[in-house]
Amino acid sequence: MSNFFWYLTAFLASSSVLPNGGLQAASAQYLLGLGIGDITGPVVETNMMGYASLAQTDTGLHMRERSRAFIVADAAAPSNRIVFINADIAMGDSGVRRSIVSQLSSQFPGIYTDANIAFVGTHQHSGVGGYLENLLPQITSLGYVKQTADAIIAGTVLAVQRAHASLAPGKLSLGNTTILNANINRSPTAYLANPAAERARYQFDQDKDMTVLRFDDTNGNARGLLSFFAVHGTSLYENNTLISADNKGMAAFLYESFVEPNSAPGNATFVAGFTQSNVGDTSPNTLGAFCESPGQPFDGQPCEADHSTCGGTVQNCHGRGPGFLISDFESNRIIGEAQFQGAQTIMNGALSAVHGTVKSVHVYMTMANHSFALPNGTTVSTCPAAMGTDGPGAFDFVQGDNSSTPQNPFWEIVKGVVTPLPSAAQIACQDPKPILLNTGFAHTPYEWAPNSVDIQMLRVGNFVMLIMPGELTTMAGRRIREAVRAELISSAVLGADAYVVVAGPANVYAHYVTTREEYGIQRYEGASTIFGPFTLEAYIDKYSSLVPFLADNASGTPASDPPPPEQTSKAISLQTAVVFDAAPIGKKFGAVLTDVNTAAAYHAGDTVSAQFVGANPRNNLRLEGTFLTVDQSVSGQWNSVRTDSHPSTIYNWTRVSTVLGTSSATISWTIESGTPAGTYRLSYFGDSKPLIGSISSFTGTSSSFTVA
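Everything numeric in this text was worked out from a predicted model, so none of it was measured.

Colleague: Describe the overall build of the protein chain, with residues and values.
Modeller: Broken down by element type, the protein chain carries 13 helices and 36 strands. Relative to the globule expectation of 27 Å for 708 residues, the C-alpha radius of gyration of the protein chain, 25 Å, shows essentially globular dimensions. For the protein chain, the C-alpha atoms occupy an extent of roughly 80 × 75 × 50 Å along the three principal directions. In the protein chain, which comprises 708 residues, the share counted as buried stands at 57%.

The following block contains the structure:
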């Protein structure tokens, strides 16, 4: 009966019918809920998000993207609650968040609101693109991809629903550790522009600390964790075309499968969130950046330090991860494993109990021409958004030439309304940035960049999360953490054990945030600090001013600027729909084209693959499902032992003929060490669309094979 009592308590305490909380959770200070949802969009024929490369169109799947939701409510006052969503996407987005908030606030009126829902991206660069509602990031995805956005919204809402359904009394605790060899500073020359006395306070030019918030039930059994560690989600390179979740998704898979080895990915009850932090100038490519310029004298040499160039151009300068000699997927595993092991160390070590109530505060701030006073009394202002010229040349702006065969038709449409020339005031405001795209003044066909951002803080006891709308550099993150913590203590909102972390990019993507000194160097991060040199100071000023709303007895709502305007109803999309699928003459969908090897046994380390008559996977994203399984024969029954979310499997799709509608799907599995000997097969699950009629599902299976 005890379990029934606790779940009844959680239900009543979280019910909107009983605003005062109903029954009290006997000894636990918090009600905790955790959930996971599949957010994987179209895994083929869609531009990927992160590198802004037109050529990076997805061709298959390595691992599914997930949203992981964490709910914390004060057991004594359950209306005081927060929802932290950690999503395997590049960044939060205002349009996607708007839909998530709308659905959750409708389903749970008065419980989940614009103020207490944080939508945080892991900043991974191997996910499905096209979901952001502003125009600039849509250029390489040929506009807005509704199917991507809808998948993120549906899976995230499902994750929160599952977290809400799992609410139960529990305890929270905090710990940290140092993780070496998992990140480097990719802009060390800009970091060196910060004052020497400030740099002398830190051992490294990037944060090596991981913080973990541990979620326990009332018996002290771990239900999950939220970790905070700064490292870019760029372990998988720009030439990768398989949808994945990069190093933080890998870390989550490793931890969840370690705790529940018999649960399929996405089905574990233990939820491990690996959150991004002040990521701006970090890199997982720990060997450094090198020139890949065959035939040139600088081939294989480190890139030029100040500008990351090779022979004067940026295109051939590439970072190298720790598994470089094997593959970027090996680098991804290594960096993911380092975070997994770091989190394990914290979870198994001494932790400090989290104590205190739960609070949240959220406002919108118009960043264009936002005036405020610096601590010395000087009045300064941010600028309307603008992008600088430095960086890797991610957007293909040469597409506006007179070529009769443009590579980017979306750019052909918007080039006629390319951003207006900056005024003298804008040039002075953004100085020393050489403005390439004056995005803050570009409103046609819809907004190119956000001019209004989310300012949000979540308090869980003595632990405060700064939910940031951009990518803070290492030193920028240190400064805002320190400033807000000092304000929390000096205003007596928290005591000396106040603990502050940065999480982002979240809610809306406002690009980078550097220190003023780094901004002056105008490397990539400074050039992409779109609101000018006082961006960081504006954030410090605003976040600090909202600290009183985190106090135990805080009431009322802070003043807010208008939210970003809705854009999705205006969005352009040039992605063509699936017209039809057809099987080759004499074949059926799912028929085996190339079978596994049945003549000899496979061993650990071998890759087994089979090719099938395929159909376009955009017909059915199979959310919460799989495009493949590896099946093992046990006592005459086939049991699925791997899905498309295991890193050892790959789903590849190839269009054979656009005119005939034919395609193939290749399923592969690299056999892990320790795989039991036995008989196995590969199964493929697809959905075909006829020219006339409805989509129908089919299955293909390989011959059985032996693992010795």
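Don't stop here, the text continues.
Colleague: If you had to explain helix 10 (residues 474-490) to someone new, which residues and values would you point to?
Modeller: The end-to-end C-alpha distance of helix 10, which contains 17 residues, comes to 24 Å, matching closely the 24 Å that a straight helix rising 1.5 Å per residue would cover. Every buried residue belonging to helix 10 is among Thr 474, Met 475, Ala 476, Gly 477, Arg 478, Arg 479, Ile 480, Val 484 and Leu 488, and all of these are buried. Positioned one or two residues after helix 10, Ala 492 has a phi angle of 65°, which is positive.

Colleague: Report on the packing of helix 6 (residues 246-259) against helix 7 (residues 328-347), specifying residues and quantitative values.
Modeller: What describes two packed helices is the angle between their axes and the distance between those same axes. It is the contact of helix 6 with helix 7, at a shortest axis distance of 7 Å, that shows an interaxial angle of 50°. Relative to helix 7, the element helix 6 is oriented oblique. Helix-helix and strand crossings are classified by hand; for helix 6 and helix 7 the assignment is right-handed. For the pair formed by helix 6 and helix 7, the contact residues are Asp 246, Asn 247, Lys 248, Met 250, Ala 251, Leu 254, Tyr 255 and Phe 258 on the first element and Asn 332, Arg 333, Ile 335, Gly 336, Glu 337, Gln 339, Phe 340, Ala 343, Gln 344 and Met 347 on the second. Classifying every residue of the contact of helix 6 with helix 7 by side-chain character gives 9 nonpolar, 5 polar and 4 charged.

Colleague: Can you explain the state of the cysteines? Please cite residues and give values.
Modeller: Within this structure, the stated rule accounts for 3 disulfides. Two residues share a disulfide in this structure: Cys 291 and Cys 310, whose sulfurs sit 2.1 Å from each other. Judged by the sign of its S-S torsion, about -95°, the bond between Cys 291 and Cys 310 is left-handed. Of this pair, Cys 291 sits in strand 15 (residues 288-291) while Cys 310 sits in the loop between strand 15 and strand 16 (317-320); the two residues are 19 residues apart in sequence, bridging distant segments of the chain. Residue Cys 291 is classed as buried on the basis of its relative accessible area of 2%. Residue class for Cys 310 comes out buried when judged on its relative accessible area of 2%. One disulfide bridge connects Cys 383 with Cys 429, the sulfur atoms lying 2.1 Å from each other. The chirality of the disulfide connecting Cys 383 with Cys 429 is left-handed, given an S-S dihedral of about -95°. Highlighted residues: Cys 383 in the loop between strand 20 (379-381) and strand 21 (387-388) and Cys 429 in helix 9 (residues 424-430), separated in sequence by 46 residues.

Colleague: Explain the pattern of salt bridges residue by residue, including any values.
Modeller: Any two side chains of opposite charge can pair if their charged atoms end up close together. Under the definition given, this model contains 24 salt bridges. The shortest N-O distance in the salt bridge between Arg 97 and Asp 114 comes to 2.6 Å. Of this pair, Arg 97 sits in helix 2 (residues 94-107) while Asp 114 sits in the loop between helix 2 and strand 6 (117-121); the two residues are 17 residues apart in sequence, bridging distant segments of the chain. The shortest N-O distance in the salt bridge between Arg 333 and Glu 330 comes to 2.7 Å.

Colleague: Break down the pairing of strand 23 (residues 452-460) for me, with residues and values.
Modeller: For strand 23, the buried fraction is high: 9 of the 9 residues fall into the buried class. What you see with strand 23 is no split at all: Ser 452, Asp 454, Gln 456, Leu 458 and Val 460 on one side and Val 453, Ile 455, Met 457 and Arg 459 on the other are buried throughout. Pairing of strand 18 (residues 358-366) with strand 23, which is carried by 9 bridges, proceeds in the antiparallel orientation. Bridging across to strand 23, Lys 359 finds its partner in Arg 459. Relative to strand 24 (residues 463-467), strand 23 is paired through 5 bridges, and the arrangement is antiparallel. When the bridges of strand 24 are listed, Arg 459 appears paired with Val 464. Once strand 23 ends, the chain turns through 2 residues before running back antiparallel as strand 24, passing Gly 461 with a positive phi of about 65°.

Colleague: Can you tell me about helix 2, naming the residues and giving the values?
Modeller: With 14 residues, helix 2 should reach 20 Å at 1.5 Å per residue; the first-to-last C-alpha distance of 20 Å fits that figure. Looking at helix 2, one finds that the buried residues are Ser 94, Gly 95, Val 96, Arg 97, Ile 100, Val 101 and Leu 104. Where helix 2 is buried, its residues contact strand 5 (77-87), strand 6, helix 3 (146-165), strand 18 and strand 23. The backbone nitrogen of Gly 95 has a side-chain oxygen 3.0 Å away, supplied by the residue at the start of helix 2, namely Asp 93.

Colleague: Summarise the layout of surface pockets; cite the residues concerned and give the values.
Modeller: If you add up the space inside the second largest pocket, you get close to 960 Å³. Lining the second largest pocket are 33 residues, and of these Phe 253, Arg 642, Pro 647, Ser 648 and Glu 672 sit closest to its centre. Of all elements in the fold, only helix 6, helix 7, strand 31 (637-643), strand 32 (649-657) and strand 33 (662-670) reach the threshold of two or more residues within the lining of the second largest pocket. Per element, the largest residue contribution to the lining of the second largest pocket is 5 residues, and it comes from helix 7. Considering only residue class, the lining of the second largest pocket consists of 13 nonpolar, 15 polar and 5 charged.

Colleague: Requested: an account of the packing of helix 10 against helix 13 (residues 535-545), with residues and values cited.
Modeller: The geometry of helix 10 relative to helix 13 is characterised by a closest axis approach of 9 Å and an angle of 25° between their N-to-C directions. Between helix 10 and helix 13, the angle falls in the class roughly parallel. As for the relative orientation of helix 10 and helix 13, their crossing is right-handed in sense. The residues of helix 13 that touch helix 10, namely those facing Ala 476, Arg 479, Ile 480, Ala 483, Val 484 and Glu 487, are Leu 536, Tyr 539, Ile 540, Tyr 543 and Ser 544. Of the residues that constitute the contact of helix 10 with helix 13, the class distribution is 8 nonpolar, 1 polar and 2 charged.

Colleague: Give a detailed account of the confidence of the model for the protein chain, specifying residues and quantitative values.
Modeller: Model confidence for the protein chain is summarised by a mean pLDDT of 92, while 92% of its residues fall at 70 or above. Of the regions scoring below 50 in pLDDT, residues 1-26 engages in 38 contacts with residues more than four places distant in sequence or in other chains. In this model, residues 390-405 is a region of pLDDT below 50 whose contacts with residues beyond four sequence positions or in other chains number 29 contacts.

Colleague: Can you tell me about empty space enclosed by the protein, naming the residues and giving the values?
Modeller: Summary: where empty space remains is shown by rolling a probe the size of a single water molecule over the atoms. The tally for this structure, following the rule as stated, stands at 4 cavities of 30 Å³ or more. Put simply, the largest cavity is a space of about 150 Å³. If you trace the largest cavity, you find 18 residues lining it, with Arg 68, Phe 253, Glu 256, Pro 265 and Gly 266 closest to the centre. For the lining of the largest cavity, the elements supplying multiple residues, two or more each, are strand 4 (66-74) and helix 6. Grouping the amino acids of the lining of the largest cavity by side-chain chemistry returns 7 nonpolar, 5 polar and 6 charged. There is about 60 Å³ of room inside the second largest cavity.

Colleague: Give a description of the environment of Asp 217 that names residues and reports values.
Modeller: On the secondary structure map, Asp 217 appears in strand 10 (residues 209-217). For the pair formed by Asp 217 and Ala 28, sequence separation is 189 residues and the distance between their alpha carbons is 8.7 Å. Discounting chain neighbours no more than four positions away, the residues touching Asp 217 are Pro 169, Gly 170, Lys 171 and Arg 223. Here the side chain of Asp 217 touches Asn 221 through a polar contact of 2.8 Å, landing on its backbone nitrogen.

Colleague: Go over unusual backbone geometry, please, and point to the residues and values.
Modeller: That bond from Asp 431 to Pro 432 is cis: its omega, 10°, falls within 30 degrees of zero. Structurally, Pro 432 is set in the loop between helix 9 and strand 22 (435-437). In this chain, Thr 444 is followed by Pro 445 through a cis amide linkage whose omega measures 0°. Here Pro 445 shows up in the loop between strand 22 and strand 23. For Asp 246, which is not a glycine, the phi torsion comes out positive at approximately 55°. Of note in the backbone geometry, Ala 492 takes a positive phi value of approximately 65° without being a glycine. Mapped onto the elements of the fold, Ala 492 is located in the loop between helix 10 and strand 26 (499-503). With a relative accessible area of 64%, Ala 492 lands in the exposed category.

Definitions and limits used
Residues numbered from 1 in each chain as written. Predicted model: local features only at pLDDT ≥ 70, side-chain atom pairs only at ≥ 80, totals over all residues. Heavy atoms only, no water. Helix = DSSP H or I, 4+ residues; strand = E, 2+ residues; numbered from the N terminus. Rg over C-alpha atoms; globule rule 2.2 N^0.38 Å. Buried < 20%, exposed > 50% of the residue type's maximum accessible area, 1.4 Å probe, protein only. Expected span 1.5 Å × (residues − 1). Axes fitted to C-alpha atoms, helices over the stretch in contact; angles between N-to-C directions. Parallel < 35°, antiparallel > 145°, perpendicular 65-115°, else oblique. Left-handed = near helix turned anticlockwise from the far one by under 90°. Contact = heavy atoms within 4.5 Å. Nonpolar A, V, L, I, M, F, W, Y, C, P; charged D, E, K, R; others polar. Disulfide = S-S within 2.5 Å. Salt bridge = Lys/Arg side-chain N within 4 Å of Asp/Glu carboxyl O. Pairing = 2+ DSSP bridges. Polar contact = N/O pair within 3.5 Å; in protein donor to acceptor, adjacent residues only side chain to side chain. 1 Å grid on protein atoms, 1.4 Å probe; cavity = no way out; pocket = protein on both sides within 12 Å on 5 of 7 lines; lining within 4 Å. Points joined across faces, edges and corners; volume = space filled by probe spheres on them. pLDDT = per-residue confidence, 0-100.

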